[in-house]
Amino acid sequence: MRDYLKFYIGGQWVDPATPKSIDVIDPATERPAGRISMGSAADVERAVQAARKAFASYSRTSVDERVALLERVIAEYKKRYADIAAAITEEMGAPVALARDAQAAMGLAHLSIALAVLKGYAFREQRGSTLLVKEPIGVCGFITPWNWPVNQIACKVAPALAVGCTMVLKPSEIAPFSGQIWTEVMDAAGVPAGVFNLVNGDGPTVGAALSSHPEVDMVSFTGSTRAGVEVARNAAPTVKRVHQELGEKSPNVILPDADFKQAIKAGVRGVMNNSGQSCNAPTRMLVPNARMAEALAIAKQVAEATTVGAPDSGAQLGPVISATQWDKIQTLIHQGIAEGATVVAGGPGKPAGLEVGYYVKPTVLGGVNNRMTVAREEIFGPVLTILGYDTVDEAVEIGNDTPYGLAAYVSGTDPETTRDVASRLRAGQVNINSAAIDLSAPFGGFKQSGNGREWGDHAFGEFLEIKAMLGFAPKAAA
């Protein structure tokens with residue numbers, strides 16, 4: 001049992017203002033795996049003031065000083081790498097290999113990219129007699145989710161730390177263990193007191209206090225669109241910058257000339273990875289109606305070959321995060337069936353032999369049209385919907401017929417056609433032919449999938465203000 005009952009404020013581990021703890025449930029066993037304290041507005045106040053005090057000096061540090069700090073953070077992260085992976089397995093039921101090779105790896109990758117960007121980033125630009133300076137925006141409030149917990153912490157904290165901001169982090173109370181170890185890494189690396197602060201708690205209490213606080217200059221939130229709207233409302237009276245990475249219903253256009261076996265196999269696996277709990281999962285697969293039977297057969301085979309089991313069993317999928325999430329997924333599967341979708345693979349209920357734990361069958365739904373609930377709402381589980389189209393123009397139209405726009409996918413053998421379709425899909429990141437992930441590419445969404453960008457050098461701009469200093473250099477004499 002993990003007992004994480006203190007917060008990290010002003011460089012010290014401190015007790016909450018009002019003692020209150022909750023159990024953190026291991027989704028693989030449905031039993032408590034530890035406890036955390038739940039913070040209050042008073043804890044947020046203390047943390048924000050610590051960050052505000054630290055900003056005066058940290059914002060004036062040199063690039064070399066921040067490079068040295070990030071190098072120390074990376075060194076300490078590597079020391080705790082196995083601990084972080086184990087925590088992710090325990091808090092969210094991630095398979096051991098996934099937690100080790102993907103979840104924990106993303107944290108280290110974002111730190112390393114931020115370090116590389118910082119070494120060559122231009123914070124000053126001379127334009128005639130005017131000097132343009134990029135300065136840290138100030139105190140940042142970070143509200144991060146449970147599905148890729150360290151990834152989302154790292155892709156906010158690393159660039160903010162690199163450019164000279166101070167911050168208060170509220171990780172998900174559902175999966176808080178890895179955030180605790182992250183904080184221990186920051187402390188061991190010698191991050192100056194008050195630069196990084198941690199307060200655990202829920203969204204309506206700690207999240208709301210953080211996003212509405214007048215001394216917080218920016219709030220960055222990753223989560224559902226519904227919760228993102230509340231964050232924006234809370235932030236509006238103080239006119240702070242709001243950065244959001246929100247919901248999705250990503251289209252995956254399989255063109256008529258695609259290698260169907262390869263493209264559909266990749267599409268199914270893309271949905272099933274992390275038990276379907278990825279905001280950019282390709283959950284709406286669009287295939288030519290003329291080849292629908294072939295597509296369904298391949299998807300069925302891949303889904304049924306996907307193994308589900310305990311995190312240490314070697315299975316590809318672990319449980320989903322909670323009973324609440326399991327219930328939501330089951331409700332949506334049943335609703336899809338009621339609206340006319342057919343179960344190609346999986347379906348309602350738990351996989352055989354897995355009565356304990358929040359396990360979901362790898363599910364494929366066919367006969368779906370874009371008006372069905374399962375094609376409109378983010379399911380956030382291992383559930384793929386397959387829709388048909390007659391022309392490529394129709395596929396693009398269906399793909400864009402969504403309030404979201406975080407990611408999109410297209411597969412085909414003709415480069416001109418695949419690039420044209422990619423250019424017409426309204427999403428912040430479009431993947432062509434299962435391209436490898438690029439952590440230096442900007443990540444963020446169109447429409448209700450949010451605003452702003454994370455990852456690489458584009459992330460730096462989210463945490464910077466631009467100051468124009470007119471007359472900085474005198475004009476040359478005539």
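To be clear, the structure that these remarks concern was listed above.
The structure reproduced in this document is the subject of the present report. (Residues numbered from 1 in each chain as written. Predicted model: local features only at pLDDT ≥ 70, side-chain atom pairs only at ≥ 80, totals over all residues. Heavy atoms only, no water.)

Looking only at helix α13 (residues 392-400), the buried set comprises A395, V396, I398 and G399. Seen end-on, α13 carries its buried residues on one side only, within an arc spanning 165°. Tucked inside the fold, the buried residues of α13 contact β13 (251-254), β14 (284-288), β17 (383-389) and α14 (415-424). (Buried < 20%, exposed > 50% of the residue type's maximum accessible area, 1.4 Å probe, protein only. Helix = DSSP H or I, 4+ residues; strand = E, 2+ residues; numbered from the N terminus. Arc of directions from axis to C-beta. Contact = heavy atoms within 4.5 Å.)

Attention shifts here to the sheet that holds β14. The strand order across the open sheet formed by seven strands is β15-β16-β17-β14-β13-β18-β19, and the pairing between neighbours is mixed. The open sheet has two free edges, formed respectively by β15 (342-345) and β19 (429-432), since each of these has just one partner strand. Strand-to-strand, the axes of this sheet are offset by a mean angle of 25°, without reference to chain direction. Relative to strand β18 (residues 407-411), β13 runs parallel, the two sharing three bridges. The residue of β18 that forms the bridge with N252 is Y409. (Pairing = 2+ DSSP bridges. Axes fitted to C-alpha atoms, helices over the stretch in contact; angles between N-to-C directions.)

This next bit is on the packing of helix α4 (residues 96-120) against helix α5 (residues 149-163). Running from N to C, α4 and α5 cross one another at 15°; their axes reach a closest spacing of 8 Å. What the angle tells us is that α4 and α5 run roughly parallel. For the pair α4 and α5, the crossing hand works out as right-handed. Seen from α4, the contacting residues are Q103, M106, G107, H110, L111, A114 and L118; seen from α5, they are P149, V150, N151, A154, C155, A158, P159 and A162. Tallied by class, residues from the contact of α4 with α5 come to 11 nonpolar, four polar and no charged. (Parallel < 35°, antiparallel > 145°, perpendicular 65-115°, else oblique. Left-handed = near helix turned anticlockwise from the far one by under 90°. Nonpolar A, V, L, I, M, F, W, Y, C, P; charged D, E, K, R; others polar.)

Attention now goes to the pattern of salt bridges. Pairs can form between side chains of opposite charge once their charged atoms are near each other. Summed over all chains, the structure comprises 23 salt bridges. Here D3 and R35 are joined by a salt bridge, their closest N and O atoms 2.9 Å apart. A residue pair is termed long-range when its members are at least 10 positions apart, and D3 in strand β1 (residues 2-4) and R35 in strand β5 (residues 31-37) qualify at 32 residues. Under the relative-accessibility criterion, D3 is labelled partly exposed at 44%. For R35, a relative accessible area of 28% corresponds to the partly exposed category. In this structure, E454 and K156 form a salt bridge, with 2.8 Å as the shortest nitrogen-oxygen distance. Of this pair, E454 sits in the loop between β20 (450-451) and α15 (456-462) while K156 sits in helix α5, and the two are 298 residues apart along the sequence. Relative accessible area serves as the criterion here: at 0%, K156 is assigned to the buried category. (Salt bridge = Lys/Arg side-chain N within 4 Å of Asp/Glu carboxyl O.)

With that settled, consider the sheet that holds β1. Read across the open sheet, the three strands follow the order β1-β5-β4; overall the sheet is mixed. Single-partner strands in this sheet number two, and they are β1 and β4 (21-26). Mean inter-strand twist for the sheet, computed between neighbouring axes without regard to direction, equals 25°. Across three bridges, the pairing between β1 and β5 is parallel.

At a minimum axis separation of 10 Å, α5 and helix α6 (residues 177-188) run at an interaxial angle of 30°. In terms of their interaxial angle, α5 and α6 are classed as roughly parallel. Seen along the crossing, α5 lies across α6 with a hand that is right-handed. On α6, the residues touching P149, V150, I153, A154, V157 and L161 of α5 are S178, G179, W182 and M186. A per-class count over the contact of α5 with α6 returns eight nonpolar, two polar and no charged.

Glancing now at the side chain of E462. As for its position among the elements, E462 is in helix α15. It turns out E462 is buried and unbridged, and the closest side chain with the opposite charge, R241, is 5.2 Å from it. Of the polar contacts made by the side chain of E462, one reaches the backbone nitrogen of R453; its length is 2.9 Å. (Lys, Arg positive; Asp, Glu negative; His and termini not counted. Polar contact = N/O pair within 3.5 Å; in protein donor to acceptor, adjacent residues only side chain to side chain.)

Excluding glycine, a negative phi dihedral is what most residues carry, and trans is how most peptide bonds are arranged. Phi at E30 takes a positive value of approximately 65°, unusual for a residue other than glycine. Along the chain, E30 turns up in the loop between β4 and β5. Note on E30: relative accessible area 32%, which makes it partly exposed.

Among the structural elements, T144 can be located in the loop between β8 (139-143) and α5. Taking relative accessible area as the criterion, T144 reaches 4% and is therefore assigned buried. Beyond its immediate sequence surroundings of up to four residues, T144 is in contact with Q152, I153, K156, L169, K170, P171, S172 and T222.

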